[in-house]
Structures are given as C-alpha cells and as structure tokens.
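Architecture and fold: a report
What follows is each chain in one-letter form.
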Amino acid sequence: MSVRKGGPLIEVRELHEMPELEGVNALFDGIWHFGSGDPPITLELMRALAHAGGYVAGAFEGERMVGASVGFLAAGGALHSHVTGATAGHGIGFLLKQHQRRWALERGLERITWTYDPLVRRNAHFNLAKLGARPVEYLPAFYGVMEDAINQGDESDRLLASWPLTAPHVEALARREPYVVPVPADAVVALADEGGRPVPGPDDAATVLVAVPSDIEGLRRADPGAGKAWRHAVREVLGGLMAQGREVTGFCGKSYYVLERLERQ
C-alpha cells in the first residue's frame with residue numbers, strides 16, 4: 001500500500017525480517033524513550049507474531065521507517081492493536097490504521113480494538129473523530145505505573161476503543177468524508193477545564209460532555225499535581241458515567257468526550 005496525498009510517498013507494508021523489526025524497536029524507543037524501562041513489545045515477540053500470522057507493519061518514506069504497528073488476534077473476531085507509533089506529519093497514523101483495517105477485513109475480522117490514554121486529547125480526537133472508533137470500557141491503572149519518558153510516574157488509566165470496520169460512519173471516514181457527531185443545545189458539561197484545572201459539573205442531561213486537558217504530557221512536567229488531579233477527575237467522571245451505562249459517541253471541538261444515554265429497543 002503506497003499513498004501520496006500532496007506530500008511525500010508513504011508506503012505501508014507488513015514486516016517479517018529481523019532488520020525491519022529492529023527498526024520498529026528503534027522507532028518506538030525514539031518516540032517513548034524507554035531507556036532502561038521495558039519496551040511495549042520485545043523483538044522476539046514481534047518476530048513470533050509476524051511468523052504466526054499476527055499483524056506487524058511499518059510505514060516508510062523512502063528507506064526511512066516513519067511509523068509502525070503491532071497487533072494480535074483477539075477473541076470475538078477482532079484484531080487487537082497493541083502498539084502503534086508514528087512520527088509527526090503526513091497523516092502517517094491514519095495510513096497505518098487504514099492498512100490495518102484492510103488487513104483485518106481481508107481475514108474476515110469485524111473489528112479492531114486498542115487502548116489509549118483518555119487524557120491525551122490529540123489521540124482521543126484521532127481515534128474517535130478521525131477513525132470512528134468508540135470507547136467501550138474504562139480501565140483504571142491498566143498497565144500499572146509506567147517508566148517511559150512520556151508516562152513516567154503516572155497511573156496508566158486507559159480506554160478500550162472498539163473500531164467497527166464496516167459501520168457506515170467508519171467507511172465514510174475511511175474515504176475522508178466528514179462525519180460529525182451532533183451535540184444538542186441542552187448538553188451539560190460534567191467536567192470542565194477552568195484555568196487548566198478540572199472542575200466537575202452536572203451530569204443530569206441526556207447528553208453530557210467531559211473535558212480533557214489541552215496538553216497532559218506538558219502538564220505532567222510543569223505541574224504534576226494538576227496532572228494527577230486530571231487523572232483522578234477523568235477517572236471518576238468519565239469512568240463513572242461509562243460504568244453507569246453511558247455510551248461515548250464522539251469527541252467534539254477537539255476538547256470534549258460526548259456521552260449519551262441511549263435508549264435500547
């Protein structure tokens with residue numbers, strides 16, 4: 001799969017050979033700076049997954065690897081995308097995900113799942129607004145305390161995202177057609193960002209909004225106390241609403257999770 005969208009030619013392909021897999025390790029370390037900490041996946045496990053029919057792919061600009069993704073088959077006709085990383089620019093993450101989607105569809109899989117930090121605003125926007133995935137479970141401290149340079153010292157809460165590969169809105173977004181989740185005028189803000197701090201609000205409407213900070217990674221470094229406050233507030237409000245049966249239906253204004261009380265037929 002090769003794509004040029006007004007920028008450099010980006011090729012996405014499956015990886016099998018050790019030198020390519022070593023390149024994935026180097027790419028991931030360049031993004032997360034693990035140092036002496038454990039990487040998200042070992043070279044040996046990547047080799048085994050690629051050999052056994054799992055998903056290991058890289059994105060290349062010429063000979064330079066600019067993105068990679070590793071996943072494995074999961075219960076219920078799904079591919080679980082364990083780790084994906086890309087350098088900034090040129091829509092590399094989107095290209096990797098679309099390659100992953102085609103790979104899964106060719107094997108009769110119905111969905112792709114992955115976890116991500118609910119506090120990272122750009123990831124929430126990408127996963128929900130750009131791809132059409134939907135969070136289905138809030139997972140407190142899923143990986144324990146992490147030691148990489150980006151997450152160091154923070155509790156590793158995650159959202160489990162599920163990407164229904166043939167849903168109409170997902171197919172539209174794959175064609176780069178806009179799909180906007182409407183937010184009713186009577187929606188209330190259950191968690192607001194006021195001066196960089198989380199402030200709880202009402203949650204007694206059919207549609208509620210939950211804010212996340214503009215730059216949690218920078219906030220962790222500049223004000224660890226504020227970072228922890230956001231972690232606990234989002235866990236309590238977003239996690240609590242999901243536990244009550246609210247469904248996350250979108251991410252609006254690049255700032256808020258949209259949660260709705262959906263009526264079952």
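Our subject is the structure that appears above.
Described in the following lines is the structure provided in the data block.

Rules used in this analysis
- Residues numbered from 1 in each chain as written.
- Predicted model: local features only at pLDDT ≥ 70, side-chain atom pairs only at ≥ 80, totals over all residues.
- Heavy atoms only, no water.
- Helix = DSSP H or I, 4+ residues; strand = E, 2+ residues; numbered from the N terminus.
- Rg over C-alpha atoms; globule rule 2.2 N^0.38 Å.
- Buried < 20%, exposed > 50% of the residue type's maximum accessible area, 1.4 Å probe, protein only.
- Contact = heavy atoms within 4.5 Å.
- Areas by Shrake-Rupley, 256 points an atom, 1.4 Å probe, with all protein chains shown as cover.
- Lys, Arg positive; Asp, Glu negative; His and termini not counted.
- Charge placed at Lys NZ, Arg CZ, Asp CG, Glu CD.
- Pairing = 2+ DSSP bridges.
- Axes fitted to C-alpha atoms, helices over the stretch in contact; angles between N-to-C directions.
- Phe/Tyr/Trp six-rings, centres within 6.5 Å; stacked < 30°, edge-to-face > 60°.

**Thoughts on the overall build of the protein**
- Scanning the protein from N- to C-terminus turns up seven helices and 13 strands.
- In summary, the protein has a C-alpha radius of gyration of 19 Å against a globular reference of 18 Å for 265 residues, a match within 12%.
- In terms of overall dimensions, the protein has a C-alpha envelope of 55 × 45 × 40 Å along the principal axes.
- Classification of the 265 residues of the protein by burial places 47% in the buried group.
- Long-range contacts, defined here as pairs at least 24 residues apart, represent 61% of the contacts in the protein between residues at least 6 apart.
- On the protein, roughly 12,800 Å² of surface is accessible, and the fraction owed to carbon and sulfur atoms is 53%.
- The centroid of the 27 positive side-chain charges in the protein is displaced by 5 Å from the centroid of its 33 negative side-chain charges.

**Some remarks on unusual backbone geometry**
- At Ala141, a position not held by glycine, the phi torsion is positive, near 45 degrees.
- If you trace the backbone, Ala141 turns up in the loop between strand E7 (134-139) and strand E8 (158-164).
- Residue class for Ala141 comes out partly exposed when judged on its relative accessible area of 36%.

**Overview of the environment of Leu131**
- Within the secondary structure, Leu131 sits in helix H4 (residues 121-131).
- As a C-alpha pair, Leu131 and Val189 span 58 residues in sequence and 24 Å in three-dimensional space.
- Ignoring sequence-local partners within four residues, the contact set of Leu131 consists of Phe94, Lys97, Gln98, Trp114, Phe126, Trp163, Val170 and Leu173.

**Details of the sheet that holds strand E10 (residues 197-200)**
- Here five strands make up an open sheet; going across it, the order is E10-E9-E11-E13-E12 and the pairing mixed. Both edges of this open sheet fall to E10 and strand E12 (247-252), since each of them pairs with a single strand only. If you compare each strand with its neighbour and ignore which way they point, the axes differ by 25 degrees on average.
- Note that strand E9 (residues 188-194) and E10 share four bridges and pair antiparallel. Among the inter-strand pairings, Leu191 is bridged to a residue of E10, identified as Pro200.

**What to know about the pairing of E8**
- Burial runs high along E8: six of the seven residues are buried.
- One ladder, built from six bridges, connects strand E6 (residues 111-116) with E8; its direction is antiparallel. Considered in E8, the bridge of Thr115 is made with Leu160.
- The sheet contact formed by E7 and E8 spans five bridges and is antiparallel. Bridge pairing in E8 places Glu137 opposite Leu160.

**Things to note about the packing of aromatic side chains**
- Scanning the entire structure with this criterion turns up five aromatic pairs.
- Pairing Phe28 with Trp32 gives two aromatic rings, centres 5.6 Å apart and planes at 65 degrees, and the pair type is edge-to-face. Placement of the pair is Phe28 and Trp32 together in helix H1 (residues 18-32), with a separation of four residues, close to one helical turn. The same class applies to Phe28 as to Trp32, namely buried.
- Taking 4.8 Å as the distance between ring centres and 70 degrees as the angle between the ring planes, the aromatic pair formed by Phe142 and Tyr143 counts as edge-to-face.

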